[in-house]
Amino acid sequence: MSGIPSTARVVIIGGGAVGVSSLYHLAKAGWTDCVLLEKNELTAGSTWHAAGNVPTFSTSWSLMNMQRYSTELYRGLGAAVDYPMNYHVTGSIRLAHSKERMQEFERAKGMGRYQGMDIEVLGVDEIKGKYPFLETHDLKGALYDPADGDIDPAQLTQALAKGARDMGATILRFTPATGVSRENGEWIVHTEKGDIRCEYVVNAAGYYAQRVGEWFKPYGGRTVPMMVMSHQYLLSEPVPELEAWSKESGRKLPLLRDVDTSYYLRQEKTGFNLGPYERNCKAHWVTPDDPFPEDFSFQLYPDDLDRLEFYIEDAMARVPLLGTAGISRVINGPIPYAPDGNPLIGPMPGVPNAFEACVFTFGIAQGGGAGKVLAEWITEGCTEWDMWSCDPRRYTDYTDRDYCIEKGKEVYGHEYAMHFPWHRWPAAPDRKLSPVHDKVKALGGQFGAYNGWERANWFAQPGDDTSEEATQTWNRAGPWEARIREECEAVRDGVGVLNLPGFSRFDLSGAGAADWLRGMIAGALPKVGRMNLGYFPDKRGRILTEMSILRHGEDEFTLITAATAQWHDGEHLRQNLAPGLTLTDRTVEFDTLIVSGPKARDLFAAIGEADLSLPWLSIQSASVAGRPAMLARVSFAGELGWEVHAKVADMPAIYDAVLGQGAKPFGMWALNSLRLEKGYRAWKGDLSTDYSLLEGGLDRFIKFDKPQDFPGKAALLAEKQRGSKKRFVTLVVDAGEADAPYMSTLWHDGAVVGETTSGGWGYRVGKSIALGMLRADLAQPGTEIAVEIYGERRRAVVQEDQPLWDPENARIRA
Ligand SMILES: Cc1cc2nc3c(=O)[nH]c(=O)nc-3n(C[C@H](O)[C@H](O)[C@H](O)COP(=O)(O)OP(=O)(O)OC[C@H]3O[C@@H](n4cnc5c(N)ncnc54)[C@H](O)[C@@H]3O)c2cc1C
């Protein structure tokens, strides 16, 4: 058939801003033999009706990177591809109604400046200078982002399409993909006009992504975790006063966001565009009487202004000029949501050579960066910035339909909300429960979800304030603080117990397993009967993941890793597995207790049959409370202790017996404090693909002289010779009321010289601790620097490269 190429390297399904940007970036990387299929005209999905706002603001480093990149790309795009377009860089103002919001702004400003942007925080009296028509009496201040603005989404897509075509890529409009199949390690994408054989497929189908995702189920795929919201904006009639002001000043008003009330207000020509994210929001296509349509190209939902009344009134009070004009038009369109509101960009879980770039709620702002990230995934197998925030593998099997709907509505209704470290978003709890969940709950457990598993963050006592309101703070103090302190002290002085369901667990066996594993990690394997930490580098020597390696026999292992890493790490192992080896995910079969503290040995002596004299990092089959268990002598809390790994059915009896010996239950927040004092890294904070193993200070986990090659060896050797630019450090901080959150900037001599990767209070050492990455020449013990915590520069001192608590590990080895 004419016009359909029979082969391509990559086929992208979906011609919205994101799919086309992916094609553009593939072509830019030299991959021009790529085809994009669009079932209708380009932009027919969500893109055509988007308002086109292009913010850079985020408190996520990776999202900010992606959005900043988009603004940089869009500024030069029209000229680069010879397709002029409307991109108004107006700047934006975000209003703060509270001290906490101002702290959030300060944090974003710190991150933004580190990324090279000129974000400012404004006092109340400075706001009107930027935005004259505003009521400011009840405000605390604002954030000004000069790079913000709006772009015509259709023009943007067409410009990217022109650029991609000019480089040799192919776009086929009115050519729906109708299915996929796989043959001889290649994909075949079916269309009514013929088949295309390709190496890689990308699902960029926007709100149709779940439907397209179904085709991949026979090849290992899952239901795409998403739902669709109805989102509206209103356009006003022209406002003569605004027109006059624009004429006189020669500019447009900055984009205004009243984030605490939850709307944006933009100048649109000589009128306004008002877009609320309303609490009383509406999902679409989720009930039998409202089925998902076969096709919704260039369609809208009926107007539904009642839902927005409160926001319209509030905006009219904020900018009275808005009240002088009538509404001329309402746009109500579909917008897809993943359960956390971030898109899905990266490898399609379970499916070889298939990728996702879909479920974007801000696909215009993120589209540019998303295309870059997606192209890197395909052409390089890794991305410049760590993109875990958007990685499809961050969700596993718990994201069923109800979960997606409840979470999607929750995120939409709180689109601009602050994400406090102590707060748990309440929708759709209890997806996966430990066998002792009810017992933990009865003890006062206040839960958080980790890969859907409920774990206690802290244990409340009768009378403690466990309300959501109490969690609305960035500060350390709160109802939990005294409890965390008590929990840490119990682990320090007596013995504590933490139930840890959902620890990801893989059994690996088969002749040659040890050799294979040696070729996957940078370091050495433990001896039989022992365990250690293995670091898995990528080809650049950056930190892909960390696993505990437990060795039961010459070629028999259990690999244990973070709950959230289950699919990520499982796939990394599976995709690289040597023939003849067996890898089994046994996560759901087991439950884990961390039992830690100087009295741990007495505890197990009373209720266990085990050799408690075996040294630190030994593993053994044992019996606890008469039940079979594996005891691993290790403690993330940094005290004498064992992890108890037992079958789910055996855990209730074991937990009861441990509690019966007086162990004090402690939670994840106490564990976080305890591990900071030991300098133990946490995955996707301290350990990420933003850093190499050497930068991460993991030198002692690299064995350059072993016979097996491992990924990234050459890169690490080169870095070792040349010297690392950054080094991992432990800092003691003269913190105020708040400890340093992730990505707080480190300052020296008036310049940013690094960033924190995590921080918190250490209750055993009585200090505020931050772990981070510092310019290598400054990473000497005793160096004084400053950490910017929510806008306040705080003195910090670089510590010796050893744990702050028990530097000799004497307590662990006791
Ligand atoms: C009212 C409203 C205002 C918005 N305002 C903004 C904003 O100001 N800023 C912002 O960043 N975002 C905004 N958004 C969100 C934005 O519209 C989306 O995030 C973005 O358009 C998503 O782009 P996409 O390419 O991922 O998906 P889409 O634009 O939906 O593209 C997916 C494409 O896939 C095609 N397709 C589906 N199935 C197939 C198939 N089988 N074969 C071939 N093609 C197929 C569809 O036809 C469609 O063209 C807004 C959304 C709404 C509803």
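To start, this report covers the structure provided alongside it. Nothing here was measured: the structure is a model prediction, and the numbers come from that model. (Residues numbered from 1 in each chain as written. Predicted model: local features only at pLDDT ≥ 70, side-chain atom pairs only at ≥ 80, totals over all residues. Heavy atoms only, no water.)

### Here's the deal with the site of the ligand
Phase 1 of the analysis: As a structural note, the neighbourhood of the ligand is formed by 37 residues, with Glu 38, Thr 47, Asn 53, Phe 360 and Gly 363 the closest of them.
Phase 2 of the analysis: Within the backbone of Ser 46, a nitrogen or oxygen atom sits 2.8 Å from an oxygen atom of the ligand.
Phase 3 of the analysis: Within the complex, the protein chains bury 98% of what would otherwise be the 1000 Å² of accessible surface of the ligand.
Phase 4 of the analysis: Elements supplying a minimum of two residues to the shell around the ligand: helix 1 (17-28), strand 12 (227-236), strand 17 (327-337) and helix 9 (363-380). (Near = heavy atom within 4 Å. Polar contact = N/O pair within 3.5 Å; in protein donor to acceptor, adjacent residues only side chain to side chain. Areas by Shrake-Rupley, 256 points an atom, 1.4 Å probe, with all protein chains shown as cover. Helix = DSSP H or I, 4+ residues; strand = E, 2+ residues; numbered from the N terminus.)

### Some points on the packing of aromatic side chains
Phase 1 of the analysis: Applying the stated criterion to the full structure yields 33 aromatic pairs.
Phase 2 of the analysis: Where Tyr 74 meets Tyr 87, the ring centres are 6.1 Å apart and the plane angle is 75°; that geometry is what we call edge-to-face. Here Tyr 74, found in helix 2 (residues 61-81), pairs with Tyr 87, found in strand 3 (residues 87-88); they are 13 residues apart in sequence, far enough to count as distant. No difference in accessibility class separates Tyr 74 from Tyr 87, as the two residues are buried.
Phase 3 of the analysis: Seen in terms of ring centroids, Trp 285 and Tyr 301 are 5.5 Å apart; in terms of plane orientation they differ by 65°. Their pairing is edge-to-face. Of this pair, Trp 285 sits in the loop between strand 16 (283-284) and helix 8 (309-318) while Tyr 301 sits in the loop between strand 16 and helix 8, and the two are 16 residues apart along the sequence. Taken as a pair, Trp 285 and Tyr 301 share a single burial class, namely buried.
Phase 4 of the analysis: Among the aromatic side chains, those forming a connected cluster through ring pairs are Tyr 207, Tyr 208, Trp 285, Phe 292, Phe 296 and Tyr 301.
Phase 5 of the analysis: A cation over an aromatic ring shows up here: Lys 372 above the ring of Trp 385, its NZ or CZ 4.6 Å from the ring centre.
Phase 6 of the analysis: For the cation-ring pair, Arg 793 lies above Trp 747, with the distance from its terminal atom to the ring centre recorded as 3.4 Å. (Phe/Tyr/Trp six-rings, centres within 6.5 Å; stacked < 30°, edge-to-face > 60°. Buried < 20%, exposed > 50% of the residue type's maximum accessible area, 1.4 Å probe, protein only. Lys NZ or Arg CZ within 6 Å of the ring centre and 35° of its normal.)

### Side note on the layout of surface pockets
Phase 1 of the analysis: When its volume is computed, the second largest pocket comes out at roughly 710 Å³.
Phase 2 of the analysis: Lining the second largest pocket are 33 residues, with Trp 377, Gly 381, Cys 382, Arg 393 and Gln 575 positioned closest to its centre.
Phase 3 of the analysis: Of all elements in the fold, only strand 19 (354-358), helix 9 and helix 14 (566-576) reach the threshold of two or more residues within the lining of the second largest pocket.
Phase 4 of the analysis: Tallying contributions element by element places helix 14 first for the lining of the second largest pocket, with 5 residues.
Phase 5 of the analysis: Tallied by class, residues from the lining of the second largest pocket come to 16 nonpolar, 8 polar and 9 charged. (1 Å grid on protein atoms, 1.4 Å probe; cavity = no way out; pocket = protein on both sides within 12 Å on 5 of 7 lines; lining within 4 Å. Points joined across faces, edges and corners; volume = space filled by probe spheres on them. Nonpolar A, V, L, I, M, F, W, Y, C, P; charged D, E, K, R; others polar.)

### Focus: empty space enclosed by the protein
Phase 1 of the analysis: Applying the stated criterion across every chain yields a total of 2 cavities of 30 Å³ or more.
Phase 2 of the analysis: Considering only enclosed or pocket space, the largest cavity measures out at about 50 Å³ in volume.
Phase 3 of the analysis: For the lining of the largest cavity, the element with the most residues is helix 3 (residues 99-114), which contributes 4 residues.
Phase 4 of the analysis: The wall of the second largest cavity is formed by Ser 434, His 437, Val 440, Phe 447, Glu 454, Arg 455, Ala 456, Asn 499 and Pro 501.
Phase 5 of the analysis: Elements represented by at least two residues in the lining of the second largest cavity include exactly helix 11 (437-442) and strand 21 (453-459).
Phase 6 of the analysis: Per-element accounting of the lining of the second largest cavity gives the leading share, 3 residues, to strand 21.
Phase 7 of the analysis: Classifying every residue of the lining of the second largest cavity gives 4 nonpolar, 3 polar and 2 charged.

### Thoughts on the sheet that holds strand 32 (residues 641-647)
Phase 1 of the analysis: Strand order in the open sheet formed by 7 strands is 29-30-31-32-28-22-33, with mixed pairing between adjacent strands. The sheet terminates laterally at strand 29 (608-609) and strand 33 (664-665), the two strands that pair on one side only.
Phase 2 of the analysis: Across 7 bridges, the pairing between strand 28 (residues 590-596) and strand 32 is antiparallel. Pairing of Thr 592 across the sheet is with His 645, part of strand 32.
Phase 3 of the analysis: Docked against the sheet, helix 16 (residues 651-660) engages strand 22 (496-499), strand 28, strand 30 (619-624), strand 31 (627-632), strand 32 and strand 33, running at close to 10° with respect to strand 28. (Pairing = 2+ DSSP bridges. Contact = heavy atoms within 4.5 Å. Axes fitted to C-alpha atoms, helices over the stretch in contact; angles between N-to-C directions.)

### Describing the pattern of salt bridges
Phase 1 of the analysis: This model, assessed by the stated rule, comprises 57 salt bridges.
Phase 2 of the analysis: Linking Arg 257 and Asp 148 is a salt bridge whose minimum nitrogen-to-oxygen distance equals 2.8 Å. One end of the pair, Arg 257, is in strand 13 (residues 255-258); the other, Asp 148, is in the loop between strand 6 (141-145) and strand 7 (150-151), and 109 residues separate them in sequence.
Phase 3 of the analysis: For Asp 148, a relative accessible area of 1% gives the class buried.
Phase 4 of the analysis: A single network of salt bridges, built from pairs that share partners, joins Asp 150, Lys 252, Arg 266 and Glu 268. (Salt bridge = Lys/Arg side-chain N within 4 Å of Asp/Glu carboxyl O.)

### Remarks on helix 18 (residues 713-722)
Phase 1 of the analysis: Buried within helix 18 are the following residues: Lys 713, Leu 716 and Glu 719. For helix 18, the angular spread of the buried residues around the axis is 125°, confining them to a single face. Set apart from the buried face of helix 18 by more than 90 degrees, the exposed residues are Ala 714, Gln 721 and Arg 722. (Arc of directions from axis to C-beta.)

### Considering the sheet that holds strand 36 (residues 751-762)
Phase 1 of the analysis: What the 6 strands build is a closed barrel, ordered 34-37-36-35-38-39; its pairing is antiparallel. Along the sheet, successive strands turn relative to each other by an average axial angle of 45°, direction set aside.
Phase 2 of the analysis: Note that strand 35 (residues 745-748) and strand 36 share 4 bridges and pair antiparallel. Bridging across to strand 36, His 748 finds its partner in Ala 751.
Phase 3 of the analysis: Across the sheet, helix 3 lies against strand 34 (726-733), strand 35, strand 36 and strand 38 (784-789), angled at about 140° from strand 36, the strand it touches most.
Phase 4 of the analysis: Where helix 17 (residues 668-678) meets the sheet, its contacts fall on strand 36 and strand 37 (767-775), and the angle it forms with strand 36 comes to roughly 125°.

### As for the side chain of His 572
Phase 1 of the analysis: The residue His 572 is located in helix 14 in this model.
Phase 2 of the analysis: The exposure class assigned to His 572 is buried, which follows from its relative accessible area of 17%.
Phase 3 of the analysis: The contacts of His 572, once residues within four sequence positions are left out, are Met 520, Phe 536 and Leu 544.

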